[in-house]
Amino acid sequence: MAPPLPLIPGDDALDALAGVLRERDWATLALDPADARLHAAADEARAHAAAGRLVPAATGRADGRQFAGLRGDATLWLDDPACGPAARELLASLDALRSGLNRRLLLGLDEVEAHFAHYPPGAGYARHRDRFRSDDARVLSLVLYLNPDWPDAAGGQLRLHLPEGPVDIAPRLGTVAIFLSADVDHEVLPATQPRYSVAAWFRQRPRG
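Nothing here was measured: the structure is a model prediction, and the numbers come from that model.

Colleague: Looking at this structure, I do not really get the overall build of the protein. What am I missing?
Modeller: The helix and strand inventory of the protein stands at three helices and 11 strands. Secondary structure elements of the protein, listed N to C terminal, follow the sequence α-β-α-β-β-α-β-β-β-β-β-β-β-β. For the protein, the residues scored as buried account for 52% of the 208 residues in total. Looking at the protein alone, contacts between residues at least 24 apart form 78% of all its contacts between residues at least 6 apart. Total accessible area on the protein is roughly 10200 Å²; 52% of this is exposed by carbon and sulfur atoms.

Rendered as structure tokens:
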């Protein structure tokens, strides 16, 4: 039997994760950094970046889209035809996690969208929230980091701005952060070396 997909903890761990999200609007997971599937995803992200398949990311939607200033990453959606088996496995894993959390939190989570992200040295993402003013589809945000042997001195943390003060999460391979898209301000701090991740959003059904 194949091992469980990454990102899918057992029922007890999912119950605990859902409980933490109910209590404080954010949570973290620590996946096994030795998992070959995580390394395959990291290798695929680096290969896409080297081949120029990742494109500069924008903020906002439609006429309000901006391509400079707030963020400095480049991205490739995991369902893009250029993506390979590691991306497809991650997307299936994220969708299973969405389903498991939805059964416990009853948030109407209907689908997942996710992309690889690459931040070059010195690039970051200014403080923001993930839910658009004109679109309330995004409910839960998730970041999975793909950086083996990340040194503390390199920076690049995800900073969550919480009522009790900021919390910094280092971008090490297998670290996962999950938080409410509409409620948690966050930013990506600059790093001294290239940084890779998967950013995902669990979305609710369209209203109206």
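Colleague: What's the story with the nonpolar core in this structure? I'm lost.
Modeller: One recurring pattern in soluble globular proteins: nonpolar side chains tend to sit buried together. The biggest cluster of nonpolar side chains holds 41 residues, and the ones touching the most others in it are L94, L101 and L146. Ranked by residues supplied to this core, first place goes to helix 3 (residues 85-105) with seven residues. Excluding its chain neighbours within four sequence positions, the residues that come into contact with L101 are L14, L17, A18, L21, L106, L140 and F202. Counting 15 residues, the second-largest nonpolar core is a separate cluster that includes A117, Y119, L158 and V184.

Colleague: Mind showing me how you'd approach helix 2 (residues 36-50) here?
Modeller: For the α-helix, the turn length of 3.6 residues means that residues three or four positions removed from each other point alike. Relative to the 21 Å expected for 15 residues at 1.5 Å per residue, helix 2 spans 21 Å between its end C-alpha atoms, a close match to the ideal helical length. Those residues of helix 2 that sit buried are L38, A41, A42, E44, A45 and H48. Along the axis of helix 2, the buried positions cluster into a sector of 160°, meaning they face one direction only. Seen from the buried face of helix 2, the exposed residues on the opposite side, beyond 90 degrees, are A36 and A50. Contact partners of the buried residues in helix 2: strand 3 (74-77), helix 3, strand 4 (109-119), strand 6 (138-145) and strand 11 (195-204). Taken from the residues just after helix 2, G52 is the one with a positive phi, measuring 75°.

Colleague: Would you mind going over the side chain of S197 with me for this structure?
Modeller: Secondary-structure assignment places S197 in strand 11. Accessibility expressed as a relative area gives 6% for S197, which makes it buried. What S197 contacts, discounting residues up to four positions off in sequence, is H115, F116, A117, V143, L144, Y145 and L146.

Reading the values: rules and limits
Going along each chain's sequence as written, the residues are numbered from 1 onward. Thresholds applied to this predicted model are a pLDDT of at least 70 for local features of residues and 80 or more for the giving and counting of side-chain atom pairs; totals over whole chains, interfaces and linings are not thresholded and use all residues. With hydrogens and water excluded, all non-hydrogen atoms of the structure serve as input to the side-chain values. Only DSSP runs of H or I reaching four residues or more are called helices, and only runs of E reaching two or more are called strands; each is numbered from the N terminus. Summary of the burial criterion: residues with accessible area below 20% of their type's maximum are buried, those above 50% are exposed, and those between are partly exposed, where the area comes from a 1.4 Å probe applied to protein chains only. Here, residues are in contact when the closest pair of their heavy atoms is within 4.5 Å. What sets the accessible areas is the Shrake-Rupley method with a 1.4 Å probe; for residues, cover comes only from the shown protein chains. Buried Ala, Val, Leu, Ile, Met, Phe, Trp, Tyr and Cys residues form a nonpolar core when they are joined through side-chain atoms within 4.5 Å. Here, expected helix span is obtained from the residue count minus one, scaled by 1.5 Å. What the arc describes is the spread of directions from the helix axis to the C-beta atoms.

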